[in-house]
Amino acid sequence: MTSLSILRSEFRERRQHSEQQVVESLLQMIDINDEQVASIHARAAALVNALRDEAKPGLMESFLAEYGLSTDEGVALMCLAEAYLRTPDDLTMDALIRDKIGPGEWSRHRGGADSPFVNVSTWALMLSGRVFRNKKGAEKDLGDIMLKVVQRLGEPVARVAVGEAMKLMGRQFVLGRDIEEAIANGQHFRKKGYRYSYDMLGEAARTQADAQRYFLSYSRAISLISEHAKFEVVHDNPGISVKLSALHPRYEFVQHERVMRELVPRMAALSEQARAANIGLNIDAEEMDRLDLSLDVIEAVLRSSTLAGWDGFGVVVQAYSKQAVNVLDWLYQLASDLDRKITVRLVKGAYWDTEIKYAQVLGLERYPVFTRKPTTDVSYLACAKRLMAFSDRIYPQFATHNAQTTSAILELSDAKTDFEFQRLHGMGEALHDLLLDSTNRRSRIYAPVGVHKDLLAYLVRRLLENGANSSFVNQVLDRDVPVDRVVSDPVTYVRGLDQFRNTKIPLPAQIYGDQRINSRGWNLNDPLDAHTLESSMSQFREHQWRAAPIIANLPVAGEAEKIISPVDHRDVVGEVIQASVEQVELAIDEAQRAFTKWSVKPVGERAAILRKTADLYEQNAAELMALASREAGKTRLDGVSEVREAVDFLRYYANQACEKLQTQEYSALGPVVCISPWNFPLAIFTGQISAALAAGNCVLAKPAEQTPLISARAVELFHLAGLPEGVLTLLPGQGETVGATLTSDPRVKGVWFTGSTQTAMYIDQSLAAKGDAKAPLVAETGGLNAMIVDSSALPEQAVRDIVQSAFQSAGQRCSALRLLIVQEDVADHLLEMLEGAANELIIGDSWNPATDVGPVIDKQAQQSILAHMHKLDEQGRCLFKSRLPHGTDLGTYVPVAAYELNEIEDLQEEVFG
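Remember, predicted model here, so these are calculated numbers, not experimental data.

Draft legend 1. Region of interest: the overall build of the protein. When its secondary structure is counted, the protein shows 35 helices and 20 strands. When the 913 residues of the protein are sorted by exposure, 59% land in the buried category. Within the protein, residue pairs in contact and separated by at least 24 positions form 79% of the contacts whose partners lie at least 6 positions apart. A total accessible area of about 37,800 Å² is found for the protein, and carbon and sulfur atoms account for 50% of it.

See the structure below:
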């Protein structure tokens, strides 16, 4: 292996390390002595005192001091800013103000800030709040007089007041609406000695059109910035920041091959243009999910011989990542191998809350980021020390608004001058003015450029990043907070901790507390997880399974039928022997006999068997996912979700039984029937069974005709976990025979069913005909799932969720989006983006992790959906329809499509797919 390959392996493995291990290694790297700690503290305290005594506070400092995220008003402002400026209609705008501003106690902030802007905004928000709040009585003060004026003028005045406040806030945090305006507006700070790095706002491309638009925006910006690149040294010139996710609509590791083929040339072209202009170009930070992919793109671009001799190529590294130091090591080795000098902008990180929640949702073993803010500060200092040691190959840019951090960097620099500090436009101005005046280092402003509607996601992220009570930005001007506390040494603090991980943030496996373990997940965008899962599943790529009635120890004979994969009709997944009517009768007899012992077994023992089954599901997850892929046509992502949901059902019902059934008297029903669907052949199958078993019932399980193999494997795992014979019986077969016999038998004491409304009604009639009023029917049936998108929604997020809900699982689930209702003001733009995003979906073999949409379950489903589409096509209702790629004729595939309806009543039935 090459040095780069070894470092990349260490980088990937680091993510699996515990936070304790990583922090211990960081503390060893820093190795700051007591004398240095004292020097850092003194310098930082002097800076804070100067800020409090002399410097004029910046807008963000004033704003956060008044509206931190610890206040209800701060949270309301964040929510309002996120949506307000793109809301085109008065009706939605009034509702938004009423929702977010009405409840706030704005009057207590009146006159409380040093910034005139903050005070002006407070008046606007206070007056608006009083208009939109139903308040009994009023205080006798100036606010009451103003309130009467506003009430007389009506809601439009309040709307204008809030609108102007939001736009004023937008102008403070965005340097310009376009690059020309930004360059002009930056003249004041350039004269003071600051450089600029311009960030063209826009979070991510959803379509190829978006990607092309962002590419042209970056290219045009580079051309205009180049006119102001007057210096020979690239770091004395302005620069630009580029988001890779803005240049490709599918910037995901699972789309690795496509990203490398399509994105690398775009990034290389921008880099060559920046080189020719002699300006810096930084590849901006993305979520941890994209870090590994980003390094692949960075390496591919940097290897271009046309970039030789240019020191302006830069990478942003986030110190809150446990892998940050490893990334620096890898970048240094890459620069050494290529004989280049590159730039690294070190930041603390802007997506912390997202990273934490995402790891919890995915059920990962550990978090990719640190769970304490001081630990991130320690990581930042360790990275800073590393960068100083790498100065022969790396030009460091330290982005921070923290006086303690800047003081530590100056202490660690050993008088080196070839690095710079950076701040955000609108933040940290006073601190960086002091640094610019007192040190011989460059200082650069990271400046967002874009129209106000593009500001929102950026602004919300900044508020989240800096709005906590513990942040330096929030505390620096607060004289009630002692200076020593503001500039406390994070290294000393962390060394004094008993445990480096924040125990108030449970690990993803423990988010449900001590009572239930979260199901284990796999991150398909993590190369290690993806490779491990692929390797484990590969042994089942051509395996064939067998399903047959499982009735206690009774032997089963009969003619086997082949189970053909909907993915590729040449793939024989296995064979099944259908249950006969006689076998159904025997199964009910066995269930009755088993019921006597099972129903009186202590609840805790029944729960233990369910938990053991959950563990076995996870141990055999690769096989179950392979079955879900080949038998049910589920994509890799859906396969992971299928197993996790089944595991969650088992543990959830085990806990519910222990919590509720041990404290009350109850009687189990007896033998019950569970009839499960093919669209969730493991999850719903397991959920029905585990609920019934936990309550002491015996179960006669009839899986869907299309997916008997995965259910047979599940029943085997139940029995392997210790479930007694006869308590759970598997009866594969047709609904007309096996299902009808089961539901009409008087010995059956209840039915659990998921499927069509028509079948549920038939079962209900069958139960009624038996005359057993106590036999319940628990039915989950089809419906029409709708989404309403109004003008306050962020289109990129709405489209992401629409595509996921409508087309994931090939639309074959009750929760799939069937009906999209869009406000007219934003419909054209949203539908254009939706079509572009839908065209980016990969339709094909569900075994391929890159596939987004697999086949529908069988030919009958395919023909039904295509017939419905044909009817709407003839009526001219088609909005868009994708083309099916080569090879899909081997399975039961359907194009991704959307149709326009005149009214909801146009839908007479649910079309499942």
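Draft legend 2. Layout of the environment of V576. Inspection of the secondary structure puts V576 in strand β11 (residues 572–577). Separated by 15 residues in sequence, V576 and E561 have C-alpha atoms that sit 5.3 Å apart. Ignoring any residue separated from it by four or fewer positions in sequence, one finds V576 in contact with A547, E559, A560, E561, I563, P708 and P732.

Draft legend 3. Molecular detail of the pattern of salt bridges. This model, assessed by the stated rule, comprises 49 salt bridges. Between D236 and R195 there is a salt bridge whose closest N-O contact spans 2.9 Å. Remark: R195 occurs in strand β1 (residues 195–200) and D236 occurs in the loop between α12 (208–226) and β2 (239–242); sequence separation between them is 41 residues. A salt bridge links E910 to R818; its shortest N-O distance comes to 3.5 Å. Of this pair, E910 sits in the segment after β20 (897–899) while R818 sits in strand β18 (residues 817–822), and the two are 92 residues apart along the sequence. Note on E910: relative accessible area 27%, which makes it partly exposed. Taken together, the salt bridges that share partners define one network made up of R195, D236, K341, D418 and R442.

Draft legend 4. Up close: the packing of aromatic side chains. Using the criterion set out here, one finds 11 aromatic pairs in the structure. Between F419 and F421 the ring centres are 5.8 Å apart and the planes differ by 90 degrees, which places this aromatic pair in the edge-to-face class. The exposure classification of F419 matches that of F421, with both residues buried. Where F649 meets Y653, the ring centres are 6.0 Å apart and the plane angle is 5 degrees; that geometry is what we call stacked. Taken together, the residues span about one helical turn, with F649 and Y653 both in helix α28 (residues 636–660) at a distance of 4 residues. Looking at Y653, the relative accessible area reads 25%, which means it is partly exposed. Ring pairs connect the aromatic residues F398, F419 and F421, which therefore count as one cluster. Over the ring of F189 we find R423; its NZ or CZ atom is 5.0 Å from the centre of that ring.

Draft legend 5. Local environment of a nonpolar patch on the surface. Taken together, the side chains of I788, I821 and I904 present a nonpolar region at the surface, about 290 Å² in accessible area. Considering the arrangement of structural elements, one finds I904 in the segment after β20.

Draft legend 6. Representation of unusual backbone geometry within the structure. One non-glycine residue, N278, adopts positive backbone phi at about 60 degrees. Relative to the helices and strands, N278 is located in the loop between α13 (256–277) and β3 (280–283). The class of N278 is partly exposed, set by a relative accessible area of 23%. One non-glycine residue, A810, adopts positive backbone phi at about 55 degrees. Here A810 lies in the loop between α33 (795–807) and β18.

Draft legend 7. How the structure looks around the sheet that holds β3. Strands sit in the order β1-β2-β3-β4-β5-β6-β7-β8 around a closed barrel of 8 strands; the barrel is parallel. On average, each strand axis in the sheet is tilted by 30 degrees relative to the strand beside it, whichever way the strands run. Across 4 bridges, the pairing between β2 and β3 is parallel. By the bridge assignment, G239 is partnered in β3 with G280. Set on the sheet, helix α14 (residues 291–302) makes contact with β3, β4 (313–318) and β5 (342–347); between it and β4 the angle comes to about 165 degrees.

Draft legend 8. Spatial organisation of helix α34 (residues 824–838). Between its terminal C-alpha atoms α34 stretches 21 Å, which fits the 21 Å expected from 15 residues at 1.5 Å a residue. Bending of α34 peaks at approximately 25 degrees at the position of L830. Tucked inside the fold, the buried residues of α34 contact α12, β17 (785–789), α33, β18 and β19 (878–881).

Draft legend 9. Examining the environment of A83 more closely. Inspection of the secondary structure assignment puts A83 in helix α5 (residues 72–83). Put simply, A83 and S791 are 708 residues apart on the chain and 8.6 Å apart in space, counted from C-alpha to C-alpha.

Reading the values: the criteria
- Residues numbered from 1 in each chain as written.
- Predicted model: local features only at pLDDT ≥ 70, side-chain atom pairs only at ≥ 80, totals over all residues.
- Heavy atoms only, no water.
- Helix = DSSP H or I, 4+ residues; strand = E, 2+ residues; numbered from the N terminus.
- Buried < 20%, exposed > 50% of the residue type's maximum accessible area, 1.4 Å probe, protein only.
- Contact = heavy atoms within 4.5 Å.
- Areas by Shrake-Rupley, 256 points an atom, 1.4 Å probe, with all protein chains shown as cover.
- Salt bridge = Lys/Arg side-chain N within 4 Å of Asp/Glu carboxyl O.
- Phe/Tyr/Trp six-rings, centres within 6.5 Å; stacked < 30°, edge-to-face > 60°.
- Lys NZ or Arg CZ within 6 Å of the ring centre and 35° of its normal.
- Patch = residues over 30% accessible without salt bridge, like charges linked within 9 Å, V, L, I, M, F, W, Y side chains within 5 Å.
- Pairing = 2+ DSSP bridges.
- Axes fitted to C-alpha atoms, helices over the stretch in contact; angles between N-to-C directions.
- Expected span 1.5 Å × (residues − 1).
- Bend = angle between axes of the 7 residues up to and from the residue.

By themselves, these observations are geometric and do not establish any function.
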